[in-house]
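# Structural overview for review
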Amino acid sequence: MSLKDRLREDSIVHLKAGNELEKTTLRNILSAIGTKEKSGKNPSELNDQDVENLLRKEVGNREETAALAAKDGRADLAERELAEAAFISTYLPKMLDEAEAQGIVDKVMAELAADHEMTMKDMGQAMKLVGAEIAGRFDGKAVSQMVRAKLG
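Residues numbered from 1 in each chain as written. Predicted model: local features only at pLDDT ≥ 70, side-chain atom pairs only at ≥ 80, totals over all residues. Heavy atoms only, no water.

In the annotation of an unreviewed UniProt entry, the protein is listed under the name Glutamyl-tRNA amidotransferase and assigned to Glutamicibacter mishrai.

### Description of the overall build of the protein
When its secondary structure is counted, the protein shows seven helices and zero strands. For the protein, the sequential pattern of α-helices and β-strands runs α-α-α-α-α-α-α. Over its C-alpha atoms the protein spans a radius of gyration of 20 Å, topping by over 25% the 15 Å that the globule rule assigns to 152 residues. Along the longest, intermediate and shortest principal axes, the C-alpha atoms of the protein span 60 × 40 × 30 Å. Considering the protein as a whole, with its 152 residues, one finds that 34% of them fall into the buried category. Carbon together with sulfur atoms contributes 52% to the accessible area of the protein, which is approximately 9,400 Å² in total. Here the protein carries 23 positive and 28 negative side-chain charges, and the mean point of each set is 5 Å from the other. (Helix = DSSP H or I, 4+ residues; strand = E, 2+ residues; numbered from the N terminus. Rg over C-alpha atoms; globule rule 2.2 N^0.38 Å. Buried < 20%, exposed > 50% of the residue type's maximum accessible area, 1.4 Å probe, protein only. Areas by Shrake-Rupley, 256 points an atom, 1.4 Å probe, with all protein chains shown as cover. Lys, Arg positive; Asp, Glu negative; His and termini not counted. Charge placed at Lys NZ, Arg CZ, Asp CG, Glu CD.)

### A few points about helix α6 (residues 123–134)
The α-helix advances 3.6 residues per turn, and as a result positions three or four apart in sequence lie on the same side. The terminal C-alpha atoms of α6 lie 16 Å apart, and with twelve residues this matches the ideal 16 Å at 1.5 Å per residue to within 8%. Among all positions of α6, only Met123, Ala126, Val130 and Ile134 are buried. One side of α6 holds all its buried residues, which, seen down the axis, span an arc of 65 degrees. Residues Gly124, Lys128 and Ala132 are exposed on α6 and point more than 90 degrees away from its buried face. For α6, the secondary structure elements touched by its buried residues are α5 (98–113) and α7 (140–151). In the stretch just after α6, Ala135 is the one whose phi turns positive, near 35 degrees. (Expected span 1.5 Å × (residues − 1). Arc of directions from axis to C-beta. Contact = heavy atoms within 4.5 Å.)

### Let's talk about the environment of Ala69
Take Ala69: it is sitting in helix α3 (residues 48–71). It is 22 Å that separates the C-alpha atoms of Ala69 and Ala32, two residues lying 37 residues apart in sequence. Discounting chain neighbours no more than four positions away, the residues touching Ala69 are Arg74, Leu77 and Ala78.

### What to know about the packing of aromatic side chains
According to the stated counting rule, one finds one aromatic pair in the structure shown. For the pair Phe87 and Tyr91, a centre-to-centre distance of 5.6 Å together with 85 degrees between the ring planes defines the contact as edge-to-face. (Phe/Tyr/Trp six-rings, centres within 6.5 Å; stacked < 30°, edge-to-face > 60°.)

### Topic: the packing of α5 against α7
Two elements in contact, α5 and α7, have axes separated by 10 Å at closest approach and are oriented at 45 degrees. The orientation of α5 relative to α7 falls into the category oblique. Handedness of the crossing formed by α5 with α7: right-handed. Only Val143, Met146, Val147, Lys150 and Leu151 of α7 make contact with α5, whose side of the interface consists of Glu98, Ala101, Gln102, Val105, Asp106 and Met109. (Axes fitted to C-alpha atoms, helices over the stretch in contact; angles between N-to-C directions. Parallel < 35°, antiparallel > 145°, perpendicular 65-115°, else oblique. Left-handed = near helix turned anticlockwise from the far one by under 90°.)

### Focus: the pattern of salt bridges
Counting across every chain of the model gives twelve salt bridges. Arg8 is paired through a salt bridge with Asp5; the nearest N and O atoms lie 3.3 Å apart. In this pair, Arg8 and Asp5 are both assigned in helix α1 (residues 3–17), three residues apart and thus about one turn of the helix distant. Each member of the salt-bridge network shares a partner with another, and the members are Glu58, Arg62, Arg80 and Glu84. (Salt bridge = Lys/Arg side-chain N within 4 Å of Asp/Glu carboxyl O.)

See the structure below:
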């Protein structure tokens with residue numbers, strides 16, 4: 001089942017259960033997905049990675065709104081925005097900690113080093129393979145630095 005299908009099904013479940021926050025949040029997310037799919041010159045269906053990226057953006061937007069609301073003394077709005085961000089985060093894959101990311105980098109680099117002596121010329125290939133395994137679950141700049149240190 002695709003992530004988008006899961007969001008749709010959960011929307012119906014929360015509608016029937018009367019969970020207002022979850023229902024409204026999922027409706028907003030599904031609306032954002034629909035808008036994104038229909039926008040541009042060539043409308044296309046979002047894949048799971050695109051939906052995850054959109055969800056990360058929505059979490060960031062809500063956290064930013066919560067910070068502004070708290071700054072303006074609107075604790076009620078800040079609390080709701082943070083609750084929505086936390087709910088949306090449940091649909092995202094678990095973020096990696098630094099040790100887990102380093103383990104993935106080490107494993108991929110060891111596989112690549114089995115074929116030949118690694119140099120900085122292999123940076124692109126290494127980043128492509130590492131990026132495929134980490135896929136937005138850790139900071140890309142930090143991953144790049146880990147790979148560079150291994151090649152270095």
